[in-house]
Amino acid sequence: MVTNAATEATEAVAEVIKIPDAMVVVVGIAIVMSVLLVLTGIFYAFGFIMSRASKPKTAKKANAPAAEPAKASAPVAATPAPVVQEGISGEVVAAIAAAVAMMAPEGKRYALKSVSRANGGRPAWAAAGVADNTRPF
Amino acid sequence: MNQLWDAIVDIWVNSGFAQLFDFQNGGWKNLIMLCIAGVLIYLAIAKQFEPLLLLPIAFGMLLVNLPLGAVMDPQQNSLVPFTADELQLLQEQGIYAQVYPVFEMNGQLYWQHFESGGLLWYLYQGVKFGIYPPLIFLGIGCMTDFGPLISNPKSFLLGAAAQLGIFFTFIGARLLGMFTQNEAASIAIIGGADGPTAIYTTSILAPDLLGPIAVAAYSYMALVPVIQPPIMRALTTKKERSVKMEQLRPVSRLEKLLFPIFVTLLCVLLLPSAAPLIGMLMLGNLFRESGVVERINKTAQNELMNIVTIFLGVTVGATANANTFLDIKTILIICLGLVAFAVGTAGGVLFGKLMYLFTGGKVNPLIGSAGVSAVPMAARVAQKVGQEENPSNFLLMHAMGPNVAGVIGSAVAAGVLITLFG
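Throughout, a residue's number is its position along its own chain's written sequence, starting from 1. Chains carry letters from A onward and ligands carry numbers from 1 onward, assigned in written order. Residues qualify for local features only when their pLDDT is at least 70, as the model is predicted, and side-chain atom pairs are given and counted only at 80 or more; totals for whole chains, interfaces and linings, by contrast, use all residues. The side-chain numbers reported here are obtained from all heavy atoms of the structure, hydrogens and water having been left aside.

Caption draft 1: Here's a closer look at helix 19 (residues 294-318) of chain B. All names here are of chain B. Each helix is a run of H or I in the DSSP string that is no shorter than four residues. Each strand is a run of E no shorter than two, and both are numbered from the N terminus. Helices are assigned an expected span. That span is 1.5 Å times one less than the residue count. With 25 residues, helix 19 should reach 36 Å at 1.5 Å per residue; the first-to-last C-alpha distance of 35 Å fits that figure. Its axis deflected by about 45° at alanine 300, helix 19 carries its strongest bend there. All of the buried residues along helix 19 are Asn297, Ala300, Met305, Val308, Thr309, Leu312, Gly313, Val314, Thr315, Val316, Gly317 and Ala318. Residues count as neighbours in contact if any of their non-hydrogen atoms are within 4.5 Å of one another. The inward-facing, buried residues of helix 19 abut helix 4 (51-64), helix 7 (119-128), helix 8 (132-143), helix 13 (195-205), helix 14 (210-222) and helix 18 (275-290). The reported bend at a residue is simply the angle between two axes, fitted to the 7 residues ending at it and to the 7 residues beginning with it. For the exposure calls, accessible area comes from a 1.4 Å probe over protein chains only, and a residue counts as buried if that area is under 20% of its type's maximum, exposed if over 50%, partly exposed in between.

Caption draft 2: Focus on the sheet that holds strand 3 (residues 108-115) of chain B. All names here are of chain B. In space, the 3 strands of this open sheet follow the order 1-3-2, with antiparallel pairing throughout. Of all strands in the sheet, those with a lone pairing partner are strand 1 (76-81) and strand 2 (102-105), marking the two edges. Across the sheet, the mean angle from the axis of one strand to that of its neighbour is 35°, orientation sign disregarded. Should DSSP find at least two bridges between two strands, the strands are taken to pair. To define axes, lines are fitted to C-alpha atoms, for helices over the stretch in contact only, and angles between the resulting N-to-C directions are given on a 0 to 180 degree scale.

Caption draft 3: Spotlight on the environment of isoleucine 88 of chain A. All names here are of chain A. By the element assignment, isoleucine 88 lies in the loop between strand 1 (83-84) and helix 3 (90-103). A relative accessible area of 16% means that isoleucine 88 is categorised as buried. In this structure, the C-alpha to C-alpha distance between isoleucine 88 and arginine 117, residues 29 residues apart in sequence, is 8.4 Å. For isoleucine 88, the contacting residues outside a window of four places in its chain are Val93, Val115, Ser116 and Arg117.

Caption draft 4: The nonpolar core, seen in detail. Side-chain atoms within 4.5 Å link the members of a nonpolar core, which is a set of buried Ala, Val, Leu, Ile, Met, Phe, Trp, Tyr and Cys residues. One finds Leu39 of chain A together with Phe259 and Ile408 of chain B to be the most contacted residues of the largest nonpolar core, which totals 125 residues. With 14 residues, helix 23 (residues 396-421) of chain B is the single largest residue contributor to this core.

Caption draft 5: Broad picture of a nonpolar patch on the surface. All names here are of chain B. Within this analysis, patches are made of residues with over 30% relative accessible area and no salt bridge. Like charges are joined at 9 Å or less; nonpolar side chains (Val, Leu, Ile, Met, Phe, Trp, Tyr) at 5 Å or less. The Shrake-Rupley method, run with a 1.4 Å probe sphere, supplies the accessible areas, and residue values consider only the shown protein chains as cover. Salt bridges are identified by distance alone: a Lys or Arg side-chain nitrogen within 4 Å of an Asp or Glu carboxyl oxygen. Together, Met1, Leu4, Trp5, Ile8, Val9, Trp12, Val13, Phe17, Phe21, Phe23, Trp28 and Ile32 give the surface a local cluster of nonpolar side chains, amounting to about 1300 Å² of exposed area. For the nonpolar patch, the secondary-structure elements that each account for two or more residues are helix 1 (2-13) and helix 3 (27-45). Top element by residues in the nonpolar patch is helix 1. It accounts for 6 residues. By the element assignment, tryptophan 5 lies in helix 1.

Caption draft 6: Structural context of the pattern of salt bridges. All names here are of chain B. According to the stated counting rule, one finds 10 salt bridges over all chains in the structure shown. Salt-bridge contacts for glutamate 255 lead to arginine 249; the nearest nitrogen and oxygen are separated by 2.7 Å. For glutamate 255, a relative accessible area of 1% puts it in the buried group. The closest approach of N and O atoms between lysine 384 and glutamate 388, which form a salt bridge, is 3.8 Å. Residue lysine 384 and its partner glutamate 388 are both found in helix 22 (residues 377-389); the two are separated by 4 residues, about one turn of the helix.

Caption draft 7: Structural detail: the packing of aromatic side chains. Stacked, tilted and edge-to-face pairs are distinguished by plane angle, under 30 degrees for stacked and over 60 for edge-to-face with tilted covering the rest, among Phe, Tyr and Trp rings (Trp via its six-membered ring) whose centres lie within 6.5 Å. A full pass over the atoms with the stated rule returns 11 aromatic pairs over all chains. Among the aromatic side chains, those forming a connected cluster through ring pairs are Phe43 and Phe46 of chain A together with Phe146, Phe156, Phe259 and Phe262 of chain B.

Caption draft 8: Summary view of the interface of chain A and chain B. Listed per partner, the contact involves 28 residues of chain A and 39 residues of chain B. Summing both partners gives a buried area of about 2900 Å² for chain A against chain B, and 81% of it is carried by carbon and sulfur. In short, buried area is how much 1.4 Å probe accessible area vanishes from two parts on joining, totalled over both. Interface area lost by chain A to chain B is led by Asp21, Leu36 and Phe43 of chain A, which between them contribute 22%. Between arginine 174 of chain B and aspartate 21 of chain A there is a salt bridge, and its shortest N-O distance comes to 2.9 Å. Counting of polar contacts relies on pairs of N or O atoms within 3.5 Å, with two restrictions inside protein: one atom must be capable of donating a hydrogen and the other of accepting it, and residues adjacent in sequence are counted only when both atoms are side-chain atoms. Viewed at the interface, chain B and chain A are joined by 3 residue pairs in polar contact (both at pLDDT 80 or more). For the side of chain A that touches chain B, the secondary structure elements donating two or more residues are helix 2 (21-78) and helix 4 (124-134) of chain A. Broken down by element, the side of chain A that touches chain B gets its largest block of residues, 21 residues, from helix 2 of chain A. Residues are sorted three ways: Asp, Glu, Lys and Arg are charged, Ala, Val, Leu, Ile, Met, Phe, Trp, Tyr, Cys and Pro are nonpolar, and all the rest, Gly among them, are polar. In the side of chain A that touches chain B, the residues fall into 20 nonpolar, 4 polar and 4 charged.

Spelled out as structure tokens, the structure:
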């Protein structure tokens, strides 16, 4: 009896405070559009800030190439050719040099000094798998 | 001989076969549900309709409709009053107290009888308490690249426009006069084209309708390539469909890192009820973009997602028992689900046309249809329809923006409905 009375009371309250269906639609559409509109604004602003922040760097880079060719010729001439182990072809050395250049942080240049085969019983892929699985948290 | 015959009859009477063919007591309903489960299994395997979820859903439906299987029977805890003899045994030898908990209430002694529930009932608690859908969103966040959205933020608006289907269907369901507000909201969320969101919302607002809504949601998600193109062609002109959009700007790592944080802060502060879905989606994305938690990124999008998908699918399917599924409401849910999808697609395309006008023809309206959050199927459909008009038009990455925005939009819409009716 107590349970029934409580249920009836709850339903009566729910009837009184029931939100009209049209209001649900209006409120729902308004909230969804507003939230995503605000997100649109935030990320437009962010894109604007990022493009402004990268503009001085591109302007400096535009000036730098004029000076760089003069500097570049001297280091290139000074860097000795890498010492390459016998049996490793020029194409392999070029591929390794390209990979090193790609990994270098912006503005830094690395010089390849020597290329030789790695010693070890474990193949490279297996070693990478072991390293991946044993890397600490 | 008589004893042998009696034993055989006894086994038959107590078997599921007897219950299944007991047509006078509703066994025919279970037979129909088994046939429906068979059809869904066929669609999942032969036609590949969202098999990752439809197959477990279909099999869960099959299991629960096998009589006496009790896979979804709830755990039973009851207090049984002691009889006079039992009381004597308790007082003299303390027998019952050694085995069962004994309680006293209003001067009467009771012993607690415990009966364990079915396997799927225990697994279903993850759905009931809203655990599985957010975990699936975690995996989705790990797999999603929000770059196309960040580089073209107006895609957010297309994602929002495509959620019109949800609210249109809500009104439609209410006008039918057969659904309460909670039920109408649960049916309407099918229009978000997002399975986990639909299951999460329905499990809170109308858990009795979980079975038909889940089946409808995943079936229509698989039918996106069939439902959307006619609507897209009907609402756009050839000239509009041929629009080639500008290449998207590159997005920096910092933007991709800040995106999940900003979205979480804004959405959860505005709509706290959306916290589980949005929060887990963005956590997964942060795992992906940070690049420093590769192990858990891989686990979340592979092993964890697969485990949760199995549990979610089977248990949701197991809610579709004959009594709840074979109802006029199920047919109405399936029809309303189709309406929700269609109106959502139309809403996105029409908003895309508006953007086409305001930008002087720079936005292809077809990408608006991708605002329904069936990732990445809806984006692929936009790409395909666009390429039919202009084979050199590649809309896929442009359509991915509204597509992933739709995931956020449907989660926000779910948050609104849960806040209003939960």
